[in-house]
Amino acid sequence: MLLGRSDRGLLARWWFTVDRGLMFAVLLLMASGVLVSMAASPPVAERIGADTFHFIKSQLFYLTLAVPVLVTLSFFPPRYARRAGLLVFFLSLGLMVAALFFGPEIKGAHRWINIGPINLQPSEFAKPAFVIVAAWFLAEHTRRPEMPGNVIALLFAAAFIGLLVIQPDFGQTALVILAFGSMLLIYGISWFTVLGLGALGAVGVFAVYELVDHVRSRIDRFMSPDKGDTFQVDTALQAFKNGGLMGTGPGGGEAKLVLPDAHTDFTFAVVGEEFGLIACLILMSLFAFVVLKILVRAKQEPDPFAALALSGLGLIFGFQAVINMGVNVALLPAKGMTLPFISYGGSSLLGMAFGMGLVLALGRKRFGERSSVPALNVSYA
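The structure reproduced in this document is the subject of the present report. Bear in mind that the values here come from a model prediction, so they are computed numbers and not experimental data.

**Regarding the overall build of the protein chain**
- Across its full length, the protein chain carries 13 helices and two strands.
- Here the protein chain has a C-alpha radius of gyration of 21 Å; the compact-globule value for 381 residues is 21 Å, and the two agree.
- Dimensions of the protein chain, computed from C-alpha atoms along their principal axes, come out at roughly 60 × 55 × 45 Å.
- The buried share among the 381 residues of the protein chain stands at 51%.
- If you take every contact in the protein chain between residues at least 6 apart in sequence, the share linking residues at least 24 apart comes to 73%.
- Accessible area of the protein chain: about 17900 Å², with a carbon and sulfur share of 68%.
- Charge centroids of the protein chain, computed over 28 positive and 23 negative side chains, lie 12 Å from each other.

**Here's the deal with the pattern of salt bridges**
- Inspection of every chain in the model, using the stated rule, returns eight salt bridges.
- Among the salt bridges present, the one from arginine 111 reaches aspartate 169, with a minimum N-O distance of 3.9 Å. Of this pair, arginine 111 sits in the loop between helix 4 (78-102) and strand 1 (113-115) while aspartate 169 sits in the loop between helix 6 (149-166) and helix 7 (170-187), placing them 58 residues apart in sequence.
- Overall, aspartate 169 belongs to the buried group, its relative accessible area being 2%.
- For glutamate 274, the salt bridge identified is with lysine 256, shortest N-O distance 2.8 Å. Residue glutamate 274 is located in helix 11 (residues 267-300), and its partner lysine 256 is located in the loop between helix 10 (231-243) and helix 11; the two are separated by 18 residues in the primary sequence. For the pair formed by glutamate 274 and lysine 256, the shared burial category is buried.

**A few points about the environment of aspartate 51**
- Note on placement: aspartate 51 falls in the loop between helix 2 (20-47) and helix 3 (54-74).
- Residues aspartate 51 and proline 117 lie 66 residues apart in sequence; the distance between their C-alpha atoms is 17 Å.
- Other than its neighbours up to four places away in sequence, aspartate 51 contacts Ala45 and Lys57.

**Focus on the side chain of threonine 264**
- If you trace the backbone, threonine 264 turns up in the loop between helix 10 and helix 11.
- Residues contacting threonine 264, with those up to four places away along its chain left out, are Asn324, Ser343 and Tyr344.

**A few points about helix 12 (residues 304-328)**
- Look at helix 12: 36 Å from first C-alpha to last across 25 residues, which is about the 36 Å you get at 1.5 Å a residue.
- In terms of burial, helix 12 is a largely internal element, 23 of the 25 residues being buried.
- Immediately beyond the C-terminal end of helix 12, within one or two residues, lies alanine 330, with a positive phi of roughly 65°.

**Here we look at the packing of helix 2 against helix 3**
- Axis separation between helix 2 and helix 3 bottoms out at 8 Å; the angle between their running directions is 165°. In terms of orientation, helix 2 and helix 3 fall into the roughly antiparallel class. Handedness of the crossing formed by helix 2 with helix 3: right-handed. Mapping the contact onto sequence places Val26, Leu27, Met30, Gly33, Val34, Ser37, Met38, Ser41, Pro42, Val44 and Ala45 in helix 2 and His54, Phe55, Ile56, Gln59, Leu60, Leu63, Ala66, Val67 and Leu70 in helix 3.
- When grouped by side-chain class, the residues that make up the contact of helix 2 with helix 3 number 15 nonpolar, five polar and no charged.

Rules of the game
Residues numbered from 1 in each chain as written. Predicted model: local features only at pLDDT ≥ 70, side-chain atom pairs only at ≥ 80, totals over all residues. Heavy atoms only, no water. Helix = DSSP H or I, 4+ residues; strand = E, 2+ residues; numbered from the N terminus. Rg over C-alpha atoms; globule rule 2.2 N^0.38 Å. Buried < 20%, exposed > 50% of the residue type's maximum accessible area, 1.4 Å probe, protein only. Contact = heavy atoms within 4.5 Å. Areas by Shrake-Rupley, 256 points an atom, 1.4 Å probe, with all protein chains shown as cover. Lys, Arg positive; Asp, Glu negative; His and termini not counted. Charge placed at Lys NZ, Arg CZ, Asp CG, Glu CD. Salt bridge = Lys/Arg side-chain N within 4 Å of Asp/Glu carboxyl O. Expected span 1.5 Å × (residues − 1). Axes fitted to C-alpha atoms, helices over the stretch in contact; angles between N-to-C directions. Parallel < 35°, antiparallel > 145°, perpendicular 65-115°, else oblique. Left-handed = near helix turned anticlockwise from the far one by under 90°. Nonpolar A, V, L, I, M, F, W, Y, C, P; charged D, E, K, R; others polar.

Okay, structure coming up:
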């Protein structure tokens, strides 16, 4: 049955108010992730003694959960989106604490926890949920200056970042700090506070460099490639050279045969080798389209909460994509971080679907509504 603008049903209201272009772009990224997994993951599965299509089957399984999460959340009104964010944030923090004591140690970190047959990384869900919670309290301070919402947001940020450092997961820590710092700038904090937080961040980076051996090693190798093992990055760069403009064709790449993380951290290199520069540019354009769509909607949003939440969710998505692609082309130090919706990873896929579902919910057109709180002067100049 065709839907008309005169219809007043739930489905019709959703269809004509949701950002369909953004939703289809996200679904296209999800579909692209399956295609890339089919190209990159079979050799990795064979090396660890698993079924050739192990990662592909797993990706499809999580995709069947991620799409309903995305679509269902897009129906939520803003107040339900706030509640969902608050619930998921505290639940995720609890699971992060549990992972420290009961989760398996993988590569020296306690980031995962087993829930039945599913192995989850709670921080992937905490990221978008934290943005919602931080935006909520910052907006409440705008509406009611007597409420210390900005202080509460900083305390939640400190708790979340502290747990990430303890795990340890310094890549996610940097990502959250970048996103939250951007939200504070959009919110309009004083330059004195900006300088203070910047100095604190610089001290933290120096401390991590001095105290954590593998972080120091990665930074040193990035600054002086001749002083350490740069096999993965060198292989990724060679993959882009092999691919050229049009690529070697699906299945014709060599990087995935030797890269241990070809299906996760270095999927962009596999895309470059097997599908070529044109495919990489199309993929980058798709990421840019999603981020710019979100930021434009945030600038138009009169409600401070929605404006801040949309900005934070868009930026955390964009920063993660930039970090992953930057590592692949040797512009950033090596760090294990997935390419949103493209890399293999159930928690990453579900967490990003949760975040984009919230974006679609908060970005829906609300004709005739007026915000009861002062609008933020959102600027990205």
